[in-house]
Every structure is written in C-alpha cells, then in structure tokens.
Amino acid sequence: MPNITVDPDLILLIFLPPLLFEAAWYTSWNNFWRWRRSILMMGFGLVFFTSLAIAYFSVNIIPGFTLALGFLLGGIISPPDAVAATSVLKGVSMPRRGLTILEGESLINDAASLTIFRFAVATILTGQFVLQEAVTDFFVLAVMGVFVGLVIGHLLYLILRYWAKSSSITTPITLIAPYIMYVVAEELEWSGVLAVVSGGLFLSFRSKDYLNYHTRMQTKEVWETVGFLLNGFVFILIGLELPVIVEGLGNYSLEEAIRYSLLISAMVIVIRIVLVYITAFVPRWLSPRVRAKERSPGWKLPFIIGWAGMRGVVSLASALAIPLALQNGDAFPQRNLILFITFVVILITLVFQGLTLPIFLRLLKVEEIDDIVPIEEQMESIRLRLAKDAIAHLDSKYQEEMAAYETIARIKEQFVRSVQATELALNEDGKKEEITSVRKLQKKIALELIELRRAALHHIGEEKRYDDEVIRDLEHNLDLEEARLNKQ
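As the structure is a prediction and not an experimental result, all values here were calculated from the model. (Residues numbered from 1 in each chain as written. Predicted model: local features only at pLDDT ≥ 70, side-chain atom pairs only at ≥ 80, totals over all residues. Heavy atoms only, no water.)

### Focus on the nonpolar core
Next, step 1: Grouped together as the largest cluster of nonpolar side chains are 98 residues, with contacts concentrated most on L72, M181, L203 and I264.
Next, step 2: The dominant element in this core, judged by the number of residues it contributes, is helix α15 (residues 335-364), at eleven residues.
Next, step 3: Those residues within four positions of L72 in sequence are excluded, and the remaining contacts are F117, A120, V121, I124, I322, F332 and I338.
Next, step 4: Core analysis: the next-biggest nonpolar cluster, separate from the first, contains five residues, I450, L457, I471 and L478 among them. (Core = buried A, V, L, I, M, F, W, Y, C linked by side-chain atoms within 4.5 Å. Buried < 20%, exposed > 50% of the residue type's maximum accessible area, 1.4 Å probe, protein only. Helix = DSSP H or I, 4+ residues; strand = E, 2+ residues; numbered from the N terminus. Contact = heavy atoms within 4.5 Å.)

Rendered as structure tokens:
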C-alpha cells in the first residue's frame, strides 16, 4: 500500500459531524434526563480530570514533552466510545442505569474532549494561554454552539415536516444536517460539536412528527451504513498512516514509544475506574436528597462502567486532525508520538477491556439496581393496549361489516385471541412459559413458511411468465413480514 496522508483540517469536518449526530439521534432523551447528574459529572468531570492527570503524567515520563502537549494528548484519549461498549455488551445482562450512563456520557464527553483539543491546539500554535480567557471562551463557545444547533434544528424541522414528503428527500436532509450545523457554528467561531449534538437531539426528539414508516426504515438503514463506514474508514486511515508515524518518531525509539504508550494506557484505565467511583459515591455522601432519590449503585456497577471505558473513533479522528505544522512553518511538535500513543491506547482498551468486559459481567453477576419493568413485560403490555384499542375501533366503526362479512370478522378474532393470550400470560405465572413456548413455535413455523414462499417465488420468477416488478414487490412484502417477525 502507498503511504497515505490526509489533510488534518478535513478529518474533523468529514468524520465527526455525522458520527456525533448519529449518537445524538439514538440517545434516549428520557433516560438521559433521568440520569443527567451522573452523565454530566462523568461527561465533563472525567474528561477534564483525565486530561489533567495525563498531561502531568506524560510530562514526567516523556522527555521533551510540554504541558500543552500533555493536555492535547489527554483531550484526545479521554473520551470513551459508547458504540464500542454497547457492541461488546450485546448478549450479556447489563443494568439499564449503566447502559444509559455510558451512552449519555459518550455524547457529552465527545464535546468536552474536542473543546479541550481545540484549546490545546490553539495554545501550541500561538504559544499563549490565559486561564480566565479560556474559561470565558469555553462558555461562549458552548452556549452559542448549542444555540446555533437548535436554530438550525428548528429550521430543518419545518422543512422536514411541511415540505419533505418522501424518503428520497428526508434521508439526504438528515445526512447533510450535521454538516450544516457544524460548518455554520465553526464559521461563527463557536462550537460546531455542541451545535451538532444539540441539533441532533432536537431533531431526534421531534422525529415522530415528520417520519413515516418508510422514511424511518430507510433513514435508519442509511445511517447505520454511514456510521459503520465512517468508523471503518477512520481505523483504516490510522492503520495506513502507522508506518509513516513510526518512521517519524524522531528522537524516540519504537521501544520507548511502546513503553510510554503502555504506561499511559494503564493510567487511563486506572483513572477512569477511580473517578467513576468518586462520581458515584461522593454526591451520595454529600446530599441526603441524592440518597433518598437514587438507590446505591453498589461496588459492582461502577467498576463495570469504569471498565467499559474503551476508546474509539472520536479519539482517532481527533489525533488525525492535529495540524502538520505550526504557524511559523515548523513541524508540529511530537505529532507522530501523540498519534502512536493514541493508537496503542485504543488498541489496548478495545482488545483487552473489550474482551474481558463480558467476563467481568458474568463473574460479578451484576444485577438490576432500579425498579425497572423488564423489556419483555413492557412489550407485552404495549401489545395488549394496542390490541384492545384495535378491537374497540372495530366495534365502534365496523360492527355491521363484521356481521356481514366473515373475512372482516376474522380481523377482530385475531386481536381477541391476542388479548386473551396476553392477559393469560400476565395473570397466571404458571402459563407464562407455556405461552412463550407456543409463541416461539408459532414464530418458527411462520419463518419457515416465509422461506418456503420465497423459494417458490424464485422458482416462479425463473419461469419468466410474470413481470420482474411483480416478483420484486412480492419478495419485498415477504421481507417486511420476516422483519416484523424477527422484531417480536
């Protein structure tokens, strides 16, 4: 492969807006608000203290490293990646509070770390840093960035609700929305990151007003593909640049760079675990209100949340976005070493912590802490309410038609049987396993019949007696039916 170099100015612009927007889009606002104290403390507090600790630690172990470079490195490697954590946690039991905090924290700490990154780069480029001015600038950047995001979010909402009537218009608008928010905010010299996060949260919250089933399905699939590709491209870029990075380590040997990276990786892991315990228990010790409102998380859940601090794509994108040169034309100091350390930290946390996280969950047997209704019961309850509403609608509007036509009456019979089965399962504990078993068998048979019909449809298509468009439409109907069954 040839040596690959990418303009650092393009990295943040191309990769970060859609990745941040996607994270904001799939954030549960209700859960975010419920655990906002823990999320905000970890999102801002952990990033700041991790950056501070890494700055002083790196200065002490790396010869020639300045405090500004240490803050830059700390800002890059401080934010954990919720996508990595939730991907690893699929298939294992994790308390809802833990998942909510991890996802919400990721949304906040991305913005916090990128703000630290921005100030650190500016300090290194200009050689000037005044704490009071930095604090003032931070609040102005944050508040006005959120303002820009919400204004653009409202404008796009009006377009999506009253003008965009098809998925071919709606989906592209959602794709360009984060870029519009980011570019406008950055042109005004405010926080493009917070603009994307706030605008994404708003559009996600109001999405039910402008998305129908088709646009929702298409937009979801498109965004999943875009997110996957962007994550993959960032990792590919760092991999392709790694030989150039190693060759450009300068006064540091590869062995020294690996040693520094391993020490900083260990520091990052330990700091996060300690700080998670502090944010979990110090507010409980200081505030009777917190003790009365929230159950104690115990010692197991904070450890799991701390261990789930895997670094990912935002750290990579930030590292790649470090400028190549200073304002006077000199090469940016220690750029390749910072990139190398970032690469190793991500590798260690993703592989080591990622592989051991499910093991710790099983060994510690972390149980649900809060009074939360299981997902299965929530789904059954919603199905029951929807079925009863459907029966009431049929009785009030189609009473005569159901009496006159058997096919119409069968629609009601289907909902009645569903209600009876669900109520039986909810009221009689001994019947729950039987009902579940029957439903699994029913789903299995239905999926087998879909495969049978799909195979027959392919055979019919080979006869060339019917239009291809008809065959494709019928196959799409089977795909939708299979998707519905697999979502049950």
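### Examining the packing of aromatic side chains
Both the distance between ring centres and the angle between the ring planes are used here to describe each pair of aromatic rings.
Next, step 1: According to the stated counting rule, one finds twelve aromatic pairs in the structure shown.
Next, step 2: Here the aromatic rings of Y157 and Y210 are separated by 6.1 Å at their centres, their planes lie at 70°, and the arrangement is edge-to-face. Linking Y157 in helix α7 (residues 131-162) with Y210 in the loop between α9 (192-205) and α10 (213-247), this pair joins segments that are 53 residues apart in sequence. Of the two residues, Y157 and Y210, both sit in the buried class. (Phe/Tyr/Trp six-rings, centres within 6.5 Å; stacked < 30°, edge-to-face > 60°.)

### Considerations on helix α13 (residues 300-307)
Next, step 1: Of all eight residues in α13, seven are buried; the element is thus mostly enclosed.
Next, step 2: Buried within α13 we find L301, P302, F303, I304, I305, G306 and W307.
Next, step 3: As for α13, its buried residues are in contact with α3 (36-61), α6 (96-126), α11 (254-286) and α15.

### Topic: a nonpolar patch on the surface
Next, step 1: A cluster of nonpolar side chains, namely F147, V151, L155, L158 and Y162, defines an oily patch on the protein surface of about 510 Å² accessible area.
Next, step 2: Residue placement: L155 occurs in helix α7. (Patch = residues over 30% accessible without salt bridge, like charges linked within 9 Å, V, L, I, M, F, W, Y side chains within 5 Å. Areas by Shrake-Rupley, 256 points an atom, 1.4 Å probe, with all protein chains shown as cover. Salt bridge = Lys/Arg side-chain N within 4 Å of Asp/Glu carboxyl O.)

Note that every value here comes from positions in space, so none of it alone points to a role or purpose.
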